[in-house]
Amino acid sequence: LFERLTLSVLNFTRIDAEESEKVALNPGVNSHKSTSSFFVEHTRAISVPYIYKRQHMLEVIIDGCLDRDSYIACGNILRNCIRRPELCHVLQTNEDMFDKFFAMMQNRDFDIATDGFRSLQMLLTKHPQMACNFMLENYDFVLKQRLNKLCQMRNYANKRLALSLLAETLASRANLKLMLRYVKDAENLEMIIGELRGKKKAVQLQAWDVFKIFVANPRKPNEITTMLRQAKRMLMKFLKKFSSVKKDPRFEQEISMVVHVLSQL
């Protein structure tokens, strides 16, 4: 049965768009109606050891996430795989497979990019301790060479998704060590200030969620303090206008905190 299942998955990207959408919207559909839905159901349990030994199946599923005709169902299957710690670890540590998550988010097709965001978000948050250890061990590759570059994309929608993921990753309690390492890096601050000064308010708000962490850090390295001091005048002028972006008590408190800290530099 699983040998036949493997062959079905290997040809999965050939499934037509209508069937693909049906599978994703109704993953409980009977197995005789859809081989793909059968696979979705079984990745939750019995097929995990099988897939683990045949990791090329994961590569085929990921490739399907980059195809317009199959990304919905393949994305659903991929996230079911991520829910399993053993398979999540494979997807994180295989550089080629991991890189394809970023390829999804850079896709010109917004639907594929958004679905890729959901998968990458789950990959970096579903199993907190595993994800934190992975990102710490591969800090330059994951944060600086991949996630930071996504945040600097020209595509407005994709940039927002990337900044949102970065902010969520740094704000997680499980990622405290990762956050402390990130906010000590002056290159990261320079990148975030650049995005903060962008013309789109939505992008500014996403960048703000990261910038405020740099400012709130009570143990700023000299490089960070120097950069903030040099940019102080520009930042104070920016914050005066930025404070009116949204009416929210918590946001107003954050603005006040940042202004106070900057004024003390």
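Residues numbered from 1 in each chain as written. Predicted model: local features only at pLDDT ≥ 70, side-chain atom pairs only at ≥ 80, totals over all residues. Heavy atoms only, no water.

S.K.: Looking at this model, I keep getting lost on the nonpolar core. Mind explaining?
M.R.: In a soluble, globular protein the nonpolar side chains are often hidden away together inside. If you look at the biggest cluster of nonpolar residues, it comprises 75 residues, and the most contacted ones within it are Leu166 and Phe211. If one sorts the elements of this core by residue count, helix 15 (residues 201-216) sits on top with 8 residues. If near-sequence neighbours (up to four positions away) are discounted, Leu166 is found in contact with Leu143, Leu147, Asn148, Cys151, Tyr182, Met191, Ile192 and Val210. (Core = buried A, V, L, I, M, F, W, Y, C linked by side-chain atoms within 4.5 Å. Buried < 20%, exposed > 50% of the residue type's maximum accessible area, 1.4 Å probe, protein only. Helix = DSSP H or I, 4+ residues; strand = E, 2+ residues; numbered from the N terminus. Contact = heavy atoms within 4.5 Å.)

S.K.: Any chance you could explain helix 18 (residues 249-263) here in plain terms?
M.R.: Side chains three or four residues apart in an α-helix point the same way, a direct result of the helix having 3.6 residues per turn. Here helix 18 is 15 residues long and its end C-alpha atoms lie 21 Å apart, about the 21 Å a rise of 1.5 Å per residue gives. All buried positions along helix 18 are accounted for by Phe251, Glu254, Ile255, Val258 and Leu262. The buried residues of helix 18 occupy an angular sector of 100° when projected down its axis, which confines them to one face. Relative to its buried face, helix 18 has exposed residues pointing more than 90 degrees away, namely Pro249, Arg250 and Gln253. Residues of helix 18 that are buried in the fold lie against helix 15, helix 16 (222-230) and helix 17 (232-242). Structurally, the start of helix 18 carries an N-cap: the backbone nitrogen of Arg250 is 3.2 Å from a side-chain oxygen of Asp248. (Expected span 1.5 Å × (residues − 1). Arc of directions from axis to C-beta. Polar contact = N/O pair within 3.5 Å; in protein donor to acceptor, adjacent residues only side chain to side chain.)

S.K.: What am I meant to see in the environment of Asn138 here?
M.R.: With respect to the helices and strands, Asn138 occurs in the loop between helix 10 (128-137) and helix 11 (139-151). Classification of Asn138 by relative accessible area gives partly exposed; the value is 28%.

S.K.: Which parts of the structure should I look at to understand the packing of helix 11 against helix 12 (residues 156-171)?
M.R.: When two helices pack together, you describe them by how their axes are tilted relative to each other and by the distance separating the axes. Interhelical geometry of helix 11 versus helix 12 gives an angle of 135° and a closest axis separation of 7 Å. When the axes of helix 11 and helix 12 are compared, the pair comes out oblique. In this structure, helix 11 uses Leu143, Leu147, Asn148, Leu150 and Cys151 to contact helix 12, whose residues at the interface are Lys159, Ala162, Leu163, Leu165 and Leu166. Across the contact of helix 11 with helix 12, the residue classes tally to 8 nonpolar, 1 polar and 1 charged. (Axes fitted to C-alpha atoms, helices over the stretch in contact; angles between N-to-C directions. Parallel < 35°, antiparallel > 145°, perpendicular 65-115°, else oblique. Nonpolar A, V, L, I, M, F, W, Y, C, P; charged D, E, K, R; others polar.)

S.K.: It is not clear to me how the layout of surface pockets should be interpreted in this structure. Could you clarify?
M.R.: The gaps left among the atoms become clear once a water-sized probe is rolled over them. Quantified by volume, the largest pocket comes out at close to 290 Å³. Lining the largest pocket, in full, are Arg197, Gly198, Lys201, Gln204, Met234, Lys237, Phe238, Lys241, Phe242 and Val245. Going through the elements one at a time, helix 15 and helix 17 are the ones with two or more residues in the lining of the largest pocket. The element that contributes the greatest number of residues to the lining of the largest pocket is helix 17, accounting for 5 residues. Class assignment for the residues of the lining of the largest pocket results in 4 nonpolar, 2 polar and 4 charged. (1 Å grid on protein atoms, 1.4 Å probe; cavity = no way out; pocket = protein on both sides within 12 Å on 5 of 7 lines; lining within 4 Å. Points joined across faces, edges and corners; volume = space filled by probe spheres on them.)

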